[in-house]
Amino acid sequence: MGVAGVGGLLRPDVMNGVQKNVLVITNDSTVFLSDGFVSAYDMFGGRCTEVKNLYDRLTNITSTSFGIISGRFGFIPSNYVVMKYDFVPSCKADYERLQEEKDFVGEIRLLVQPFDKIVVCVPKDMFEMIMPVLPAERVIAVTNEKFKDDCIARGWSYYPRVGARVGKENADAIVEEIKRMAD
């Protein structure tokens, strides 16, 4: 696979007004899979692997796009060509620095609007920054337990973050939720 859905991140696909569009959001990893120029999807391993696997499964169900919050480029579609870089944010201060420099929250605010569901798999401090710009009732959040009540109050689906990212049981449940939405 290796690229975001055909519709890209800015223009979701619509087939006869029925196709549902899903956006998966995660952040970069310190595990770079290439020293050359490749898509962001193909660049990151490590903690991105589970989210990429979830994205791949969702593309078999409905139109799905994938965006990555990158320490060098801000929020980008996973089919953007990138190269290895030094700054991979890993704590609240890093996320705040990235926000100051790249306004990834503003980019997400604009780009989530046309999507029917947004699956967010990011660390808790980053999730806290993104949460206010996500639409009511259209989010599937894989995050820290401290956000469970906030997610439910907004009409979102909540899944506890397991290990590095999603976890098999959560991924299976998210796939089933998207199947129900796509029917």
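Structure: see above.
Residues numbered from 1 in each chain as written. Predicted model: local features only at pLDDT ≥ 70, side-chain atom pairs only at ≥ 80, totals over all residues. Heavy atoms only, no water.

(A) Molecular detail of the sheet that holds strand S3 (residues 63–70). Spatially, the six strands line up as an open sheet ordered S4-S3-S1-S6-S7-S8, and their pairing is mixed. Two strands close off the open sheet at either side, each with one partner strand: strand S4 (74–77) and strand S8 (157–160). Each adjacent strand pair in this sheet contributes to an overall mean axis angle of 20°, direction not counted. When strand S7 (residues 139–143) meets S8, the two strands line up parallel, connected through four bridges. Among the inter-strand pairings, Thr143 is bridged to a residue of S8, identified as Pro160. Packing of helix H2 (residues 49–59) onto the sheet brings it into contact with strand S1 (21–27), S3 and strand S6 (117–121), and relative to S3 it is tilted by some 160°. (Pairing = 2+ DSSP bridges. Helix = DSSP H or I, 4+ residues; strand = E, 2+ residues; numbered from the N terminus. Axes fitted to C-alpha atoms, helices over the stretch in contact; angles between N-to-C directions. Contact = heavy atoms within 4.5 Å.)

(B) Structural view of the pattern of salt bridges. Tallying each qualifying case throughout the model produces six salt bridges. Between Lys84 and Asp35 there is a salt bridge; the shortest N-O distance is 3.5 Å. Of the two residues, Lys84 is situated in the loop between strand S5 (81–82) and helix H3 (92–102) and Asp35 in the loop between S1 and strand S2 (38–39); the sequence distance between them amounts to 49 residues. For Lys84, a relative accessible area of 43% corresponds to the partly exposed category. Judged by its relative accessible area of 69%, Asp35 falls in the exposed class. One salt-bridge network, in which partners are shared between bridges, spans Arg57, Lys168 and Asp172. (Salt bridge = Lys/Arg side-chain N within 4 Å of Asp/Glu carboxyl O. Buried < 20%, exposed > 50% of the residue type's maximum accessible area, 1.4 Å probe, protein only.)

(C) Layout of the side chain of Arg165. Considering the arrangement of structural elements, one finds Arg165 in the loop between S8 and helix H7 (168–182). Nearest to the buried, unbridged Arg165 among oppositely charged side chains is Asp28, at 6.7 Å. A distance of 3.1 Å separates the side chain of Arg165 from the side chain of Thr26, its partner in a polar contact. A distance of 2.3 Å separates polar atoms of two side chains, one belonging to Arg165 and the other to Asn27. (Lys, Arg positive; Asp, Glu negative; His and termini not counted. Polar contact = N/O pair within 3.5 Å; in protein donor to acceptor, adjacent residues only side chain to side chain.)

(D) Region of interest: the environment of Val112. For Val112, the location among the structural elements is in the loop between helix H4 (104–111) and S6. Considering only alpha carbons, one finds Val112 and Val22, 90 residues apart in sequence, at a separation of 9.3 Å. Those residues in contact with Val112 that sit more than four places away from it in its chain are Leu23, Ile25, Ile118, Val133, Leu134, Pro135 and Arg138.

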